[in-house]
Amino acid sequence: MAQESGRIPDGLGRVMERRGASVLLIESRAVTDYPKAQYPLEPGPEELARLLEECSRFVVEHLESLPRQPSFDVTGAAELAATFREAPPESGRSLPEVLERLKPAIAKSFTTPGPGYLAFIPGGGIPTAGMADLLACATNRYVGVAAASPVLAQIEAAVVGWLAALMGYPKDAGGILTSGGSISNLMAVVAARSAKLGEEFRTGRIYLSEETHLSLVKAARIAGFSAANLRWIPVDGRCRMLADRLEQAIEEDRRDGLRPFLIVGNAGTVNTGAVDPLPDLLAIARRHDLWVHADGAYGAFFRLAREGATLLPELEQCDSITLDPHKGMFLPYGTGALLLRQPEHLRNALRTEASYLQDVAGGQGIPNFHEISPELSRDFRGLRIWLPLQLHGLSTFREQIQEKLDLARWAYDALKEDPHFEMLDEPQLSIVAFTVRGNGEKADAQGAEILRRVNERRKVFLSSTRMRGRFVLRICVLSFRSHRERVEDAVEALKEEAQTAHAAD
Ligand SMILES: Cc1ncc(COP(=O)(O)O)c(C=O)c1O
């Protein structure tokens, strides 16, 4: 209709008219002409309660059905995705209509919060954290500067303090909640660079094991380093960095006029959950004045298990630790953390001043998060950890993480006795990695086929990797919804499919 008449209402009470190539404003509504009932972004209490009720029903139905949902379903997902390439609607639609459209969009995915998700590194999604997000987003207070909401900033600071204490850090340690492990690793590299190299860092050297996560490579690049600044250290038979090779590399680099400054130690590698020999790395770092960053995105929360301090020895001595509450604390994606023994290094690295923030300077002992983060405006992600801890207590998380370790060990024992599989290693944390027994391409092809067939049953979802030229199958137990029955399903399916593959041989 707008096209026929040449008139274009813009939804804000203004009417434009097309005249040749120009669009002219011909009618504008006076500010006082907006009747209150027409503010759709401000639903009244009854309307809001109704909308929340509809969302709540959606969530409850979805979560109730999770155990029965296929472990993945992306058939037809590309076609469905194509239907979302569209212009935004000019007028609003009803919530039930929109939710109805969202339902199949959610279904066409890997069922990452489901009990059968044992692939890659599972995330979490405890419902109480979702509730926290609703509260945080709906109340939308500003936590980037302490002056804007001191108590909420304090709540988040307390959460950071709790995490630091759980990792064994001293009281004056600190840190920041991030959106995930990759960003935490980036900030660790920047803090280490600033503390050890200052402004001139072109010849700096970072030491990583061959098993280090790709996020560290990205972090180094973003922090201004190239491939030439990275030195890859080989690993032992259990995928742990070889400390003597590390020290040799540092000495060699020093002789060559380079500036070693950072050792990245793995507190749980993504492939097999290997833990680098942190005590050895720390001793070398002390001898050569280097920073040790522990990438515990996957593994750090295993420190909450009974044998946590033995699994991750001297984690608390590392200069910084990445940990991902959206993995080991079962929170929804988007919750990471970086902890530092001396948080002032991060503060120094990011120190800036701006006169437009003069009204909110200072914090009466409560941190200004923007001073130790690349973010200024940010969500109140502290509530996502604080609320679940208030509701469930720490012991629930300790128990859950212990269960994941025990389940992985059980799966390892059960698969070890199967003649078709060869285990790479005893699980150091909660990952079981194994190949199909036999050499070369044929065994690897069988491995890929077994993985495909196991996943095709849709009860569990596993993933693979390549290591030392071999196709490696993995089970990673980390979802809070994965319990004994589902891990048994995985083991049984693997054994049956291996038997079938062997019989067809
Ligand atoms: C060891 C390790 N480091 C870093 C990351 C990156 O974390 P995020 O995916 O939260 O960015 C991961 C993710 O799986 C990881 O396993």
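The structure we're discussing is the one just above.
Residues numbered from 1 in each chain as written. Predicted model: local features only at pLDDT ≥ 70, side-chain atom pairs only at ≥ 80, totals over all residues. Heavy atoms only, no water.

## Notes on the nonpolar core
Ranked by size, the top nonpolar core spans 57 residues in total, and within it Leu163, Met167, Leu246, Ile263, Phe302 and Leu323 carry the most contacts. Of all the elements in the fold, those that place two or more residues in this core are helix H6 (150-166), helix H9 (243-255), helix H10 (278-288), strand E8 (291-296), strand E9 (320-323), strand E10 (336-340), helix H14 (382-392) and helix H15 (394-416). Every residue in contact with Ile263, bar those within four places of it in the chain, is listed here: Tyr207, Leu246, Ile250, Leu281, Ile284, Ala285, Leu290, Trp291, Val292 and His293. One finds Ala153, Val190, Leu208 and Leu346 within the second-largest nonpolar core, a separate group that totals 32 residues. (Core = buried A, V, L, I, M, F, W, Y, C linked by side-chain atoms within 4.5 Å. Buried < 20%, exposed > 50% of the residue type's maximum accessible area, 1.4 Å probe, protein only. Helix = DSSP H or I, 4+ residues; strand = E, 2+ residues; numbered from the N terminus. Contact = heavy atoms within 4.5 Å.)

## Some words on the environment of Lys495
By the element assignment, Lys495 lies in helix H17 (residues 484-503). Here Lys495 falls in the partly exposed class, since its relative accessible area comes to 24%.

## Let's talk about the environment of Ala414
With respect to the helices and strands, Ala414 occurs in helix H15. A residue is classified by how much of its surface remains accessible, and Ala414, at 10% relative accessible area, is buried.

## Digging into the site of the ligand
Near the ligand lie 15 residues; those nearest to it are Gly181, Ser182, Asp295, Asp324 and His326. In this structure, His326 approaches the ligand through a side-chain N or O atom, which is 2.8 Å from an oxygen atom. Here an oxygen atom of the ligand and a side-chain polar atom of Lys327 are 3.1 Å apart. About the coverage of the ligand: the protein hides 84% of its 390 Å² of free accessible area. Elements with a contribution of two residues or more to the shell around the ligand: helix H7 (181-197) and helix H12 (325-328). Ranked by residues supplied to the shell around the ligand, first place goes to H7 with three residues. (Near = heavy atom within 4 Å. Polar contact = N/O pair within 3.5 Å; in protein donor to acceptor, adjacent residues only side chain to side chain. Areas by Shrake-Rupley, 256 points an atom, 1.4 Å probe, with all protein chains shown as cover.)

## Describing the side chain of Asp276
Structurally, the position occupied by Asp276 is in the loop between strand E7 (259-266) and H10. There is no salt bridge for the buried Asp276, and the closest opposite charge comes from Arg240, which lies 6.8 Å off by N-O distance. Among the polar contacts made by the side chain of Asp276, one reaches the main-chain amide nitrogen of Met241 at a distance of 2.7 Å. Ignoring sequence-local partners within four residues, the contact set of Asp276 consists of Ser209, Cys239, Arg240, Met241, Val264, Gly265, Asn266 and Leu281. (Lys, Arg positive; Asp, Glu negative; His and termini not counted. Salt bridge = Lys/Arg side-chain N within 4 Å of Asp/Glu carboxyl O.)

## With respect to the pattern of salt bridges
Here the idea is simple: oppositely charged side chains can pair when their charged atoms come close. Scanning the entire structure with this criterion turns up 40 salt bridges. Here Asp379 and Arg381 are joined by a salt bridge, their closest N and O atoms 2.9 Å apart. Residue class for Asp379 comes out partly exposed when judged on its relative accessible area of 30%. The exposure class assigned to Arg381 is buried, which follows from its relative accessible area of 4%. Look at the salt bridges and you will find they share partners, linking Asp133, Glu156, Glu375, Arg378, Asp379, Arg381 and Arg384 into a network.

## A closer look at the packing of H14 against H15
Across the interface, H14 lies against H15 with an axial gap of 6 Å and an inter-helix angle of 95°. Taken as axis vectors, H14 and H15 run roughly perpendicular relative to one another. Contact with H14, carried on its side by Pro388, Leu389 and His392, involves Leu394, Thr396 and Phe397 of H15 and no other residues of that element. Partitioning the contact of H14 with H15 into residue classes produces four nonpolar, two polar and no charged. (Axes fitted to C-alpha atoms, helices over the stretch in contact; angles between N-to-C directions. Parallel < 35°, antiparallel > 145°, perpendicular 65-115°, else oblique. Nonpolar A, V, L, I, M, F, W, Y, C, P; charged D, E, K, R; others polar.)

The values reported here are purely geometric and, on their own, carry no functional implication.
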